Amino acid sequence: MKTKTLISTLILGLSACAIAQAQEGPPPPPDPIARALDKNGDGELSAREIKNAERQLLKLDEDRDDALSEEELKPEPPQGAEKPDNNQNPPPVPPPSAFMMALDKDGDGTLSEAEIANAPTEILTLDKDGNGEIDNTEAESLRIPDEEMGGGMEGPPGGGRPPGPPPGGRR
Ligand SMILES: [Ca+2]
Ligand SMILES: [Ca+2]
Ligand SMILES: [Ca+2]
Ligand SMILES: [Ca+2]
């Protein structure tokens, strides 16, 4: 009898745990760069975190060539998530983050040794109020994936000619 109670308590406890886990835990930021830089995970980059940017970035360097390849910069799939079986909806590819765009000076999608070494300087170009830190507001304003995709349908400036009778009249 006692064992049974114990087991059900255990099961209850386990499921409570699972529920708690499912409830909390916001989705991790998809940007591995931001994740690497924000060491304490508060969503802000302190002056110290920015200063350490080079070292933090090199933690992503799996093959130790002092550069970060596209592969190394790819966001990891969320932990614990089972691989979805349906092949119908491949996960969308996240747009390059503002950090990546700032750091990747030559825009080749990878970070060279020089680009990594320059990281603190480049990150500070994102510091709008110049206080040496990237705070929440500034980090938030960096997430503007849509804005750059501008363009679209727009008429030619200046307008066209008013429609009129074709030149060359008839007699
Ligand atoms: Ca931080
Ligand atoms: Ca590498
Ligand atoms: Ca590059
Ligand atoms: Ca700032």
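Residues numbered from 1 in each chain as written. Chains lettered and ligands numbered in written order. Predicted model: local features only at pLDDT ≥ 70, side-chain atom pairs only at ≥ 80, totals over all residues.

K.L.:
Requested: an account of the nonpolar core, with residues and values cited.
P.N.:
Ile33, Leu37, Ala53, Leu57, Phe99, Ala119 and Ile123 are the most contacted members of the largest nonpolar core, which totals 20 residues. Counting only elements with at least two residues in this core, the list comes to helix H2 (32-37), helix H4 (53-58), helix H6 (98-103) and helix H8 (119-124). Contact partners of Ile33, with chain neighbours within four places excluded, come to Leu73, Ser97, Phe99 and Met100. (Core = buried A, V, L, I, M, F, W, Y, C linked by C-beta atoms within 7 Å. Buried ≥ 20, exposed ≤ 12 C-beta atoms within 10 Å, placed from the backbone. Helix = DSSP H or I, 4+ residues; strand = E, 2+ residues; numbered from the N terminus. Contact = placed C-beta atoms within 7 Å.)

K.L.:
A description of unusual backbone geometry should follow, citing residues and the corresponding values.
P.N.:
Backbone geometry at Arg64 places phi at a positive 55°, although glycine is not the residue there. Judged by the 7 C-beta atoms lying within 10 Å of it, Arg64 is exposed. With a phi angle near 65°, Asp66 is a residue other than glycine that sits in the positive phi range. On the secondary structure map, Asp66 appears in the loop between H4 and helix H5 (70-73). The class for Asp66 is partly exposed, based on 14 C-beta atoms found within 10 Å.

K.L.:
Give a description of the environment of Asp42 that names residues and reports values.
P.N.:
Of note, Asp42 is situated in the loop between H2 and helix H3 (47-51). As for Asp42 and Asp135, which are separated by 93 residues in sequence, their C-alpha atoms are 9.4 Å apart.

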